[in-house]
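As a plain string of letters, each chain reads:
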Amino acid sequence: MLILVSGLLLFLTALALIVLQVTQPNARYAWLVAVGGAMLALLSVFFWLVQMPFEFMLPAWKPASVFLNPILFQADQTSFPFALSITALTLTILLTAITRSALTNSFTWAGTLALGGIGLFSVTANNPLTLLLMWGALDLTELLTQLQAVNGAANNEKVVISFSTRALGSGLLLWANILSIAQGNTFDFQSIAPSSGLYLVAAAGLRLGVLPLHLPYAAESTVRRGMGTALRLISAVSSLVLLAHVPVESLTSTLTPFLLTLAVIAALYGGWMWLRAPDELTGRPYWIVSLAALSITSALSGSPLGAIAWSNALILVGATLFLASVQQVWLNRALLVGVWSLSTLPFSLTASAWAGSLGFFLPFVIAAQALLMAGVTRHALRSSGRTALDSQPGWANKVYPAGIILLITFQVLLGFWGWDGARQVGAWLPALLASLLTFGLIWATPRLRILNPVRAHWVSNSADSGLATFYSGLWIVYRAVGNVSQAIITTLEGEGGMMWTLLFLALFILLLTQGIP
Amino acid sequence: MSAPIIWIAIPFAVGFFLLFFLHKRLSPLIGGAVAAILSLTALIFPIDTALLLGAISIKISASIQFFGRSFALNTADGPLIAIVYGLAALWFFGTETSGTANRFVALGLMIVSLLTASIAVEPFLFAALLLDMAAILAIPLLVPIYQKPGRGIIRFLTYQTLAMPFILFSGWMLAGVESSPGAISATVQAGTILGLGFAFLVGIFPFYNWIPMLMEEAAPYASGFLLWALPTFTVIFALGFLDRYVWLRTSPQLSNAIQYAGIFMVASGGLFASQQKHIGRIMGYAAITETGLLVLAMGGRSAEIVNTVFLLLIPRGLELAVWALALSILKRRAYSLRFGEVKGLARKYPIAVSALILAHLSMTGFPLLAGFPPRLALWQELAGQPIYMSFWVFFGLLGLLVALARTLAVFVMAEENTGWAWNETWAQSVMLGLGALGLFVLGIFPQILQPLIVNLPALFNHLGL
């Protein structure tokens, strides 16, 4: 029931904001209502600890003989850190919104709160059916928001491709479960068949743009900081939560090394582009791809805990950077806590990340991690393009940093106490190597031209040319299939169509009667 | 009063009256209201059961004799009639906003009443005649009076008419098979002829090519109505066949043939939809895919055949209604409905385009929408079958997803800095909004259909045993 309370707090606050905006467009306390609702939701998530683990079930679909699984949410050690991260992110977006008041209004805040609510239900989904429904809600919300925000045919097309890819990812999750049911298992995470495990990873990978590598989110969008951050990060985390449910025994497939290779390539590519991105918002799609790839790598290496750790780093560290729109020296330095959170050093947020067996892939993963950490350092200390905190009104001087500090606190807090398996020394040697490599990269960045940030308009939204070749190959196959099917359609609908129809029918009957004894 | 008079004769008479005597603006309201009242009546008043209202006792008798034939609607038919007339009301209320010709409601009511008669008639083989009469009545619905019918319409009528002799002949043969079940050759012949009859009637591959042609030639709303009404009653008629003849429902060969036909329809419908450049034809292929799912569900050997079939049938009516209404609105602006003409319409007709996309998504089986729960039920049923069956269904639905992506990409392909406009009327927006809301409600709470479908298995006593 507490899950419902937390979710409803977010949804009802969103509703209240919409009502306020319609009835009293000039109400000055709308922001207070939004922050109050988000704060209560965050506090309510802490109350989960009193009862955890517990479940919340919606009225069952009927007929019960056909719909075997209910819509079920569960608060446990896996979902709790995700829920905490999402509600903290929602609150921080609203707290930092005061510096973006020219661009935001009650509807945007309501949208952020509703997204937080959907995200909360997504991460607590206890079976694939529930997760599919939540993914559907997120995908439709994102489609609607993006289509309203972007301009021009090309950008609109990217939004559609992104939506379709995520829908295909949802389809893969469904397929994983069809396989599972076919093998006599039920439609839930606890008893999913090992052979379905890789499909779960592929589903998450496809939705996140990792497997195969593509950027599912159009970079050119007007919803960049507040709502945009909520949309990107919550959507990503709702997909990543699936990795925590992948059965370890399913990873012995011969396909695992292949998927690992793809994930590591995506992590390296994303890390490299993130390091060289002109600013954190332009680099945001690469941040998501790279950290999602690391999360998938962890899951594939047999460490679901690692997947949880990277996912929470994605949302908490990422959000501090993407929401930091105001310049202040000590706050910029505080953002560097994110580097520690990504370091996998003992007791950090990601300390449990490399518990699995990475083997040959370890050096590449360390390189990707170092690229990300160096990128965080560069973007945290970058001052250009941000307004000074001192230029904000007096109360904003206090509220805005509080929002950023909240996320930083949670990075530290979850590292110690987020889930069973947090607060550990972890694999300290790779962590040390990654840290050293990060220092090297930071030192080399001003000295080596190749590491310098590229100009914004050079950052391409599409993946590299090799992938373009792959996709054009797919397009050729599609066209070939299209030509064949068009030939059939033309034949059947043409003048002699009825005769052809009868011929097809005769063939069909012959084929069928062959099987009759 | 008897049930056949209420649910067959009255709507037919009202339809006739509307066709010849009433002003066109009133006909959607009257036709919709009549259908809604008939639906509510079926829901409230049980057939053949005395109902006490204070001191008054009301009883709707079950059957009536007409030209030596019996028409009977029993207690178990009540929810089915409620569903059919409820969905018909939805179609009729939407007529005005779709801009469809005024005789749509009149002919629609007459068609629905004939189709209802097809489930009531005894001997039940006469249903084939009634279905064919309904198909003939659909012609003036599809072709304006002084216009030459297109090839799709002629083919539609040809196939529907060809179905009738096959079904009547197979019925005669099946009676013989029942009396001598050991006669294998007669059994195979009867099964083949029956299969042919239903292949023509339902539009099994390759007999479905009239559907996309029709969607290209005729008004989308009228075509959509036919794509809803005819397969719905044909499927009920087919279930009746399966229920009545032991040999049919226990034959593994026939079950396989039905399932293969269904899979072929789903896979080919999805594949062909993904290659279209005409949004009307895409709807046609989506309807074919959906019919394929129905056929596939009918061929299942589980105890849940009836539940699964009706779970698929009800959302189908809503999906097609929303889709057809949205297409009708868009057709006024882009007459050909080809990709080249509908480019960028999302910013000019946001509500119609959103409704169309939601209906399409629902047919794809997108979570949260009406089409998702029935597909989930079907996956569950298919789990016991070879996995390639599920694969081909997945493939077909993937084809619909590709078609959706292409359609949506064309709709949103607006020029730089094109503003948003709202060109739908209030009535159109409300109708489309309610339809879209219905898609979500059925997708999130499919259990609201439970009171309607809980007693439907009683219609087919032997299926699923």
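By convention here, each chain's residues receive numbers from 1 onward along its written sequence. All chains are assigned letters beginning with A, and all ligands numbers beginning with 1, in the order in which they are written. Since the coordinates come from a predicted model, pLDDT governs what is reported: local features require at least 70, and pairs of side-chain atoms require 80 or more to be given and counted, while whole-chain, interface and lining totals use all residues.

Student: What is the right way to look at the overall build of chain A in this model?
Tutor: The helix and strand inventory of chain A stands at 18 helices and 4 strands. Taken over the C-alpha atoms alone, chain A extends approximately 85 × 55 × 45 Å along its principal axes. Once C-beta atoms are placed from the backbone, each residue is buried if 20 or more other C-beta atoms lie within 10 Å of its own, exposed if 12 or fewer, and partly exposed for counts between those two. Buried positions account for 54% of the 517 residues belonging to chain A. For every residue pair, C-beta atoms are placed from the backbone, and the pair is scored as a contact if these atoms sit within 7 Å. Within chain A, counting contacts between residues at least 6 apart in sequence, those at least 24 apart form 80% of the total. Starting at the N terminus, helices and strands are each numbered in turn, a helix being any DSSP run of H or I of at least four residues and a strand any DSSP run of E of at least two.

Student: Explain the overall build of chain B to me, please; I cannot follow it from the model alone.
Tutor: When you go through chain B residue by residue, the secondary structure sums to 20 helices and 5 strands. Over its C-alpha atoms chain B spans a radius of gyration of 21 Å, differing by no more than 12% from the 23 Å that the globule rule assigns to 465 residues. When the backbone C-alpha atoms are referred to their principal axes, chain B occupies close to 75 × 60 × 45 Å. Here chain B holds 465 residues, and the buried ones make up 61% of them. Computation of the radius of gyration draws on C-alpha atoms, with the globule rule given as 2.2 Å multiplied by the number of residues to the power 0.38.

Student: Honestly, the sheet that holds strand S4 (residues 69–72) of chain B in this entry has me stumped. Any pointers?
Tutor: Neighbouring strands of a sheet are bound in pairs by backbone hydrogen bonds; such pairs are parallel or else antiparallel. Residues and elements named next belong to chain B. Between any two strands, pairing holds if DSSP finds at least two bridges. Strands sit in the order S3-S4-S5 across an open sheet of 3 strands; the sheet is antiparallel. A single partner strand is all that each edge strand has here, and the edge strands are strand S3 (63–66) and strand S5 (121–122). Pairing between S4 and S5: 2 bridges, direction antiparallel. Paired with Phe-71 across the bridge in S5 is Val-121.

Student: Any chance you could explain the interface of chain A and chain B here in plain terms?
Tutor: Often, the extent of an interface is quoted as the loss of accessible area upon association of its parts. Opposite the 44 residues of chain A that make contact, chain B presents 41 residues. Listed by contribution, the elements that provide at least two residues to the side of chain A that touches chain B are helix H5 (128–149), helix H6 (153–182), helix H17 (465–493) and helix H18 (497–514) of chain A. Put simply, Ala, Val, Leu, Ile, Met, Phe, Trp, Tyr, Cys and Pro go in the nonpolar bin, Asp, Glu, Lys and Arg in the charged bin, and everything else, Gly too, in the polar bin. Partitioned by chemical class, the residues of the side of chain A that touches chain B number 27 nonpolar, 14 polar and 3 charged.

Student: Can you help me understand the domain arrangement of chain A in this one?
Tutor: Annotation comment: domain bounds sourced from an automatic or database domain assignment. Taken domain by domain, chain A comprises domain 1 (2–463) and domain 2 (477–514). Taking only C-alpha atoms into account, the centre of domain 1 of chain A sits 48 Å from that of domain 2 of chain A.

Student: Explain the pairing of S4 of chain B to me, please; I cannot follow it from the model alone.
Tutor: The two faces of a sheet get side chains in turn, since along a regular strand they alternate between them. All names here are of chain B. Strand direction decides the pairing type here: S3 and S4, joined by 4 bridges, are antiparallel. Residue pairing for S4: Ile-64 is matched across the bridge by Phe-71. Here S3 folds back onto S4, and the loop between the two strands holds 2 residues, one of which, Phe-67, carries a positive phi near 50 degrees.

Student: Would you mind showing me how to read unusual backbone geometry here?
Tutor: Excluding glycine, residues mostly have negative phi values, and the peptide bonds linking residues are mostly trans. Of the consecutive residues Glu-122 of chain B and Pro-123 of chain B, the connecting peptide bond is found in the cis state with omega at 0 degrees. Position of Pro-123 of chain B relative to the elements: it lies in the loop between S5 and helix H6 (127–142). Here the amide bond leading from Phe-205 of chain B into Pro-206 of chain B is cis, since omega sits at 5 degrees, within 30 degrees of zero. By the element assignment, Pro-206 of chain B lies in the loop between helix H8 (184–203) and helix H9 (210–217). Although it is not a glycine, Phe-347 of chain A adopts a positive phi angle of roughly 65 degrees. Along the chain, the position of Phe-347 of chain A falls in the loop between helix H13 (337–342) and helix H14 (362–381).

Student: Is there a simple way to explain the nonpolar core in this structure?
Tutor: If you look at soluble globular proteins, the nonpolar side chains tend to sit buried side by side. Take the buried Ala, Val, Leu, Ile, Met, Phe, Trp, Tyr and Cys residues, join any whose C-beta atoms are within 7 Å, and the set you get is a nonpolar core. If you look at the biggest cluster of nonpolar residues, it comprises 357 residues, and the most contacted ones within it are Val-201, Val-237, Ala-263 and Ala-292 of chain A together with Val-309, Val-322 and Ala-326 of chain B. At 19 residues, the largest contribution of residues to this core is made by helix H14 (residues 305–333) of chain B.

Student: Before we go on, may I ask you to explain the packing of H5 of chain A against helix H8 (residues 226–240) of chain A in this structure?
Tutor: Axes are the key here: two packed helices are described by the angle between their axes and the distance separating the axes. All names here are of chain A. Fitted lines through C-alpha atoms serve as axes, helices being fitted only where they are in contact, and the angles separating the N-to-C directions of these axes extend from 0 to 180 degrees. Where H5 meets H8, the axes come as close as 11 Å, and the angle between the chain directions of the two elements is 155 degrees. It follows that H5 is roughly antiparallel to H8 by the angle criterion. Classified by chirality, the crossing of H8 by H5 is left-handed. Contacts from Met-134, Trp-135, Leu-138, Glu-142 and Thr-145 of H5 reach H8 at Leu-231, Ser-235 and Ser-238. Taken together, the residues of the contact of H5 with H8 sort by class into 4 nonpolar, 3 polar and 1 charged. Angles are sorted into four bins: roughly parallel if under 35 degrees, roughly antiparallel if over 145, roughly perpendicular if 65 to 115, and oblique for all others. We call a crossing left-handed when the near helix sits turned anticlockwise from the far one by less than a right angle, and right-handed when that turn is clockwise.

Student: It is not clear to me how the confidence of the model for chain A should be interpreted in this structure. Could you clarify?
Tutor: Predicted coordinates in areas of low pLDDT are best not read in detail. Mean pLDDT over chain A: 83, with 90% of residues reaching 70 or higher. Confidence of the predictor at the level of single residues is given by pLDDT, which spans 0 to 100. Looking at the elements of chain A, mean pLDDT is at its lowest for strand S4 (residues 387–388) of chain A, recorded as 70, and at its highest for helix H3 (residues 79–96) of chain A, recorded as 92.

Student: Got a minute to help me understand the domain arrangement of chain B in this structure?
Tutor: Residues and elements named next belong to chain B. Partitioning chain B into domains gives domain 1 (1–122) and domain 2 (149–459). With centres defined by C-alpha atoms, the gap from domain 1 to domain 2 works out at 24 Å. Contact with domain 1, which involves 22 residues of that partner, is made by 24 residues of domain 2. Secondary structure elements with two or more residues in the side of domain 1 that touches domain 2: helix H3 (77–93), helix H4 (95–98) and helix H5 (103–120). At 8 residues, H3 tops the list of elements feeding residues into the side of domain 1 that touches domain 2. Each residue belonging to the side of domain 1 that touches domain 2 can be placed in one class, and the counts come to 13 nonpolar, 7 polar and 2 charged.

Student: Explain the confidence of the model for chain B here, please?
Tutor: In the predicted model, chain B carries a mean pLDDT of 89, and 98% of its residues have values of at least 70. Scored as a complex, the prediction yields pTM 0.89 and ipTM 0.90.

Student: What is the right way to look at the environment of Ser-298 of chain A in this model?
Tutor: Residues and elements named next belong to chain A. With respect to the helices and strands, Ser-298 occurs in helix H10 (residues 284–300). With 13 residues separating them along the chain, Ser-298 and Ser-311 place their C-alpha atoms 10 Å apart. Every residue in contact with Ser-298, bar those within four places of it in the chain, is listed here: Ser-303, Gly-306, Ala-307, Trp-310, Ala-353 and Gly-356.

Student: Can you help me understand the environment of Val-35 of chain A in this one?
Tutor: Residues and elements named next belong to chain A. With respect to the secondary-structure elements, Val-35 resides in helix H2 (residues 30–51). The exposure class assigned to Val-35 is buried, which follows from the 20 C-beta atoms found within 10 Å. Sequence separation between Val-35 and Trp-109 is 74 residues, and the spatial gap between their C-alpha atoms is 9.2 Å. Every residue in contact with Val-35, bar those within four places of it in the chain, is listed here: Leu-94 and Leu-95.

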